[in-house]
Amino acid sequence: MDKDSKTLIFGGSGLLGSAVKRVLYTKGLENVLAPRSKEVNLLEKAEVKKYLNKEKPEYIFMTAGLVGGIVGNSTRPADFLYENSMMILNLLESAREVSPNSKILYTGSNCIYPKENPQPIKEGRLMAGKLEDTNKGYAVAKILGVVGCELYRKQYGLDVICAMPTNLYGLNDNYDLENGHMIAGLIKKFLLAKEKGKEIILWGTGNPIREALYSEDCADALVYLMENYSSDEIVNIGPGFHYSIKEFAEIIGREIGIDSKIKWDSSKPDGTFEKRTDIERLKSIYPDFKPRSFIEGLRNILSNEKEVKKILS
Ligand code: GDP
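Residues numbered from 1 in each chain as written. Predicted model: local features only at pLDDT ≥ 70, side-chain atom pairs only at ≥ 80, totals over all residues. Heavy atoms only, no water.

Asker: Is there a simple way to think about the pattern of salt bridges in this case?
Answerer: Pairing between side chains becomes possible if they bear opposite charge and their charged atoms approach one another. Tallied over the entire structure, the rule returns 20 salt bridges. Notably, a salt bridge pairs Glu 97 with Lys 49, separated by 2.8 Å at the nearest N-O pair. With a gap of 48 residues between them, Glu 97 in helix 4 (residues 77-98) and Lys 49 in helix 2 (residues 45-55) connect regions that are remote in the sequence. Judged by its relative accessible area of 32%, Lys 49 falls in the partly exposed class. Among the ionic contacts, a cluster of salt bridges with common partners joins Lys 3, Asp 4 and Glu 30. (Salt bridge = Lys/Arg side-chain N within 4 Å of Asp/Glu carboxyl O. Helix = DSSP H or I, 4+ residues; strand = E, 2+ residues; numbered from the N terminus. Buried < 20%, exposed > 50% of the residue type's maximum accessible area, 1.4 Å probe, protein only.)

This is how it looks when you write it as structure tokens:
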């Protein structure tokens, strides 16, 4: 990628897409397009096709999607299925019709692997077993997307690659307590306890194991793959460390400076017990990949006044 490469990000206002935008700007790219859904609605193929026909970007980062944490996913499974399926199919079909030379990077997710896995989870586990009930709609749609990329590469020769990020957090996250992801939810709950004296009620038992990858580290890996990788083999992206939800809560509580007692709401689901990502494939492609520690990422967020204000609003 050079500074004039026309690069399109779908989902550029979200957690990961906005991080990709920052990484591209840091690399000096000057021709980055990030249309909002008002401008290009990915659920409408005609709009996607028209836009690609006009712009014919050299690179496309497909980070758009309907996303949510465990409760959002389990209460709106049909919406997650429909929207995420349509978005990637509209993009692939439009690209092959009017912009077949665009290189496309599609982001799957490590939560689309089966419910039960030998840990850490290798890429070969895709479609190797039954899915987790709490996110079946999202997982089926994303699996369709990943397989779609493989098949459009095979039949039409599109240069499409797929990355599978683990649980993400970072600036510009979704801090909605019902629909957001775990790290964002925990940060918000501890900040609300500190600033407004609210009780800290976390979900499930606190025993499940999760990873936490800072959004810009994930974006850095995506940009590297875009520049250096072309294959139908999917690539996991993870931080190489993990904690239980209880441990995440302890770290966040300590950093925010509050040690109120946590209540665990067992009416909320635990979800998959353990999700750890095997990143051997990524390391073989990108040996210098160096994701930051959780403390470092957390401090970046907590020291950003604008972000903290947004979290508390
Ligand atoms: P998942 O990794 O796809 O399951 O989704 P999440 O990022 O939403 O993480 C869910 C895990 O964190 C489950 O074990 C939840 O019970 C637990 N958890 C604890 N408190 C919270 C919270 O406030 N928000 C969210 N989203 N999850 C929480």
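There is more to say after this.
Asker: What should I look at first to understand the site of the ligand in this one?
Answerer: Not every one of the 17 residues close to the ligand is listed here, only the nearest: Asn 167, Lys 189, Arg 210, Pro 269 and Asp 270. Note that an oxygen atom of the ligand is positioned 2.7 Å from one of the backbone N or O atoms of Pro 269. With respect to the ligand, the side chain of Lys 275 contributes an N or O atom lying 3.1 Å from an oxygen atom. Expressed as a share of its isolated accessible area of 550 Å², the protein-covered part of the ligand is 95%. No other element matches the three residues that helix 6 (residues 182-196) contributes to the shell around the ligand. Of the residues in the shell around the ligand, the class split is eight nonpolar, five polar and four charged. (Near = heavy atom within 4 Å. Polar contact = N/O pair within 3.5 Å; in protein donor to acceptor, adjacent residues only side chain to side chain. Areas by Shrake-Rupley, 256 points an atom, 1.4 Å probe, with all protein chains shown as cover. Nonpolar A, V, L, I, M, F, W, Y, C, P; charged D, E, K, R; others polar.)

Asker: What should I look at first to understand the packing of helix 2 against helix 4 in this one?
Answerer: A pair of packed helices is captured by two measures, namely the crossing angle of their axes and the spacing between those axes. Contact geometry for helix 2 and helix 4: axes closest at 9 Å, N-to-C directions at 40°. It follows that helix 2 is oblique to helix 4 by the angle criterion. Like other packed secondary-structure pairs, helix 2 and helix 4 cross with a definite hand, here right-handed. Facing Lys 45, Val 48, Lys 49, Leu 52 and Asn 53 of helix 2, the residues of helix 4 in contact are Asn 90, Leu 91, Glu 93, Ser 94, Ala 95, Glu 97 and Val 98. Of the residues belonging to the contact of helix 2 with helix 4, the class tally is five nonpolar, three polar and four charged. (Axes fitted to C-alpha atoms, helices over the stretch in contact; angles between N-to-C directions. Parallel < 35°, antiparallel > 145°, perpendicular 65-115°, else oblique. Left-handed = near helix turned anticlockwise from the far one by under 90°. Contact = heavy atoms within 4.5 Å.)

Asker: Would you mind showing me how to read the sheet that holds strand 2 (residues 32-33) here?
Answerer: Whether parallel or antiparallel, the strands of a sheet pair through hydrogen bonds between backbone atoms. One open sheet holds the six strands; their spatial order is 2-1-3-4-5-10, and the pairing between them is parallel. Looking at the sheet topology across the chains shown, the edges are occupied by strand 2 and strand 10 (235-237). With four bridges connecting them, strand 3 (residues 59-62) and strand 4 (residues 103-107) associate as parallel partners. If you follow Phe 61 over to strand 4, its bridge partner there is Leu 105. Along the sheet face, helix 4 touches strand 1 (7-10), strand 3, strand 4 and strand 5 (159-165) and points at about 170° away from the line of strand 3. Sitting on the sheet, helix 5 (residues 136-156) is in contact with strand 4 and strand 5, with an inclination near 150° to strand 5. (Pairing = 2+ DSSP bridges.)

Asker: Quick question: what am I supposed to make of the layout of surface pockets here?
Answerer: Here the second largest pocket is characterised by a volume of approximately 180 Å³. If you go around the second largest pocket, you meet 15 residues; those closest to its centre are Val 146, Glu 150, Asp 232, Glu 233 and Ile 234. Broken down by secondary-structure element, the contributors of at least two residues to the lining of the second largest pocket are helix 5 and strand 5. The element that contributes the greatest number of residues to the lining of the second largest pocket is helix 5, accounting for four residues. Of the residues in the lining of the second largest pocket, the class split is nine nonpolar, one polar and five charged. (1 Å grid on protein atoms, 1.4 Å probe; cavity = no way out; pocket = protein on both sides within 12 Å on 5 of 7 lines; lining within 4 Å. Points joined across faces, edges and corners; volume = space filled by probe spheres on them.)

Asker: Looking at this structure, how should I read the nonpolar core?
Answerer: Considering soluble globular proteins, one finds that nonpolar side chains tend to be buried as a cluster. In this structure, Phe 10, Leu 52, Met 62, Leu 91, Ile 112, Leu 126 and Val 146 are the most contacted members of the largest nonpolar core, which totals 37 residues. Of all the secondary-structure elements, those providing two or more residues to this core are strand 1, helix 2, strand 3, helix 4, strand 4, helix 5 and strand 5. In this structure Met 62 touches Phe 10, Leu 42, Met 87, Ile 88, Leu 91, Leu 105, Tyr 106 and Thr 107, once residues within four positions along its chain are discounted. One finds Ile 9, Val 32, Ala 219 and Leu 222 within the second-largest nonpolar core, a separate group that totals 31 residues. (Core = buried A, V, L, I, M, F, W, Y, C linked by side-chain atoms within 4.5 Å.)

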